[in-house]
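# Fold and geometry: a report
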Amino acid sequence: MDTVTVETIGREIIKPSTPTPNDLRTLQLSIMDLLMPPVYAVAFLFYTKDDLISQEQTSQTLKTSLSKTLTKFHPFAGRVNGVTIDSTDEGAVFVDARVDCPLSDFLRSPDTKSLQQLLPVDAEPIPTWPLLLVQATYFKCGGMAIGICIAHKLADAASLSTFIQSWAATARGESDSAANPDFDSTKLYPPANEAIKIPGEDQQGKRTSVTKRFVFVASKIEELRNKVASDAVPRPTRVQSLTSLIWKCVVAASTDTVREKVLYQANNLRSKIPTLLSENLMGNPLYSTLTLNGKGMESVEIVKELQKRNEELSHLIQHEEGSSGLTISLKLLGAMADTKFSYELYDMHVVSSWCKIPLYKACFGWGLPVWVTGNVSPILDNVTVLIDSKDGQGVEAWVTLPQEEMLLFEQSTELLDFASPNPSVLI
């Protein structure tokens, strides 16, 4: 949409309502936490006007309930200290803002530049504090948006959702029903140490990239799944079918003729190792898979490779059923190390799936969100984020590519057979 003007009308530091006990004041990061890029995991939640509650009441409810929620999520109110988080109770940043247009106008053609204005952060790598920032932005019509940023070293998309659900339950006066977070991320991966160098740091932000939104409705996804399925390939999931299509089009649009193309996916291990990892585990219990692709691979071949990676992960975990977290993590780390990934040799594109993460259930007391989306901030190069549409069947893809490659990608007839470029959000 056209540039909007967002005015900050208040900024506060929200501290936990109860001080953090001394024995909980230091959180050890895992190796996987440390390897996360220096960005925030970000969610945007949009709500229409509720005539029964004023803007002032809404703001006060959010702040009071956030303070109570931070007593459970105390590391989010702390500070990074090397490879640990010190729960210093310094607090989270809360910003109130207003925007000079109605919500319907904002959602007519949402883009990352406008969305970024709904966050209380600049597009810069994160500092040691704050680790959590929130902005409540009020539209002319009385609708609102809540923008939430949490340091990725502390939270992946699933962790972000767990926090939001707990905060929303507290705002509704139902804090007893909210699950308690589990911050023991080292139960899977070993503790981090400062000798570890984060790979690819020097490659971040080197090119001028652009992010665009493409929406796949349920009927088009079914059509794509049926097209890819064959005797040789079992019927793919929504995410597998969309990943194969998007990556095929990304490879076709690439202007890098030297490096081999590789797809990077981070798998959430919580549901895959339920005997070890709880659904409420904070941090980054992820396993990375890489899939190589030469130009000319068809979607069926790509899906076959994606399913093969998934089978390999399942086999790896099943082999270690009943083993300790350390035993499993060494297997997983060893398998990831065997890929011998190099930025010099490979042109990498990341596909991150936020599908089935229940952000649309975030009710703070004034109804369910009419639209949600998520990403990281600052946005990284060569990344696609997949997130459910409101109906839970369609999928929205936020694709980030170098500018010259996006020009080719967004004109792909194969992509446009299934995707609608940035349609209006209906509320």
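The notes below deal with the structure included here. All of these numbers come straight from a predicted model, not from anything done at the bench. (Residues numbered from 1 in each chain as written. Predicted model: local features only at pLDDT ≥ 70, side-chain atom pairs only at ≥ 80, totals over all residues. Heavy atoms only, no water.)

## A short note on the packing of helix α6 (residues 218-228) against helix α7 (residues 238-253)
Two elements in contact, α6 and α7, have axes separated by 9 Å at closest approach and are oriented at 80 degrees. In this view, α6 runs roughly perpendicular relative to α7, as classed from their interaxial angle. Contacts between α6 and α7 pair Ile 221, Leu 224 and Arg 225 from the former with Arg 238, Ser 241, Leu 242 and Leu 245 from the latter. Within the contact of α6 with α7, the residues separate by chemical class into four nonpolar, one polar and two charged. (Axes fitted to C-alpha atoms, helices over the stretch in contact; angles between N-to-C directions. Helix = DSSP H or I, 4+ residues; strand = E, 2+ residues; numbered from the N terminus. Parallel < 35°, antiparallel > 145°, perpendicular 65-115°, else oblique. Contact = heavy atoms within 4.5 Å. Nonpolar A, V, L, I, M, F, W, Y, C, P; charged D, E, K, R; others polar.)

## Brief notes about the nonpolar core
By size, the foremost hydrophobic cluster in this structure holds 79 residues, and its most contacted members are Phe 46, Phe 76, Ile 146, Ile 148 and Phe 364. For this core, the leading source of residues is strand β3 (residues 40-47), giving eight residues. Not counting the four nearest positions on each side in its chain, Ile 148 is found in contact with Ala 41, Val 42, Ala 43, Leu 45, Leu 119, Leu 132, Leu 133, Val 134, Leu 160, Phe 163, Ile 164 and Trp 167. Of all hydrophobic cores here, the second largest spans 31 residues; its members include Val 233, Cys 249, Val 399 and Leu 401. (Core = buried A, V, L, I, M, F, W, Y, C linked by side-chain atoms within 4.5 Å. Buried < 20%, exposed > 50% of the residue type's maximum accessible area, 1.4 Å probe, protein only.)

## A word on the sheet that holds strand β13 (residues 371-377)
The mixed open sheet is built from six strands, whose spatial order is β1-β6-β7-β8-β3-β13. With one partner strand each, in any of the chains shown, β1 (6-14) and β13 form the two edges of the open sheet. Shown here is a sheet whose adjacent strand axes are inclined to one another by a mean of 15 degrees, direction ignored. In this sheet, strand β8 (residues 144-151) lies alongside β3 in antiparallel orientation, the contact comprising eight bridges. In the sheet register, Tyr 47 faces β8, and the bridge partner there is Met 144. Along the sheet, helix α5 (residues 157-171) makes contact with β3, β6 (92-99), β7 (132-138) and β8, crossing β8 at roughly 130 degrees. (Pairing = 2+ DSSP bridges.)

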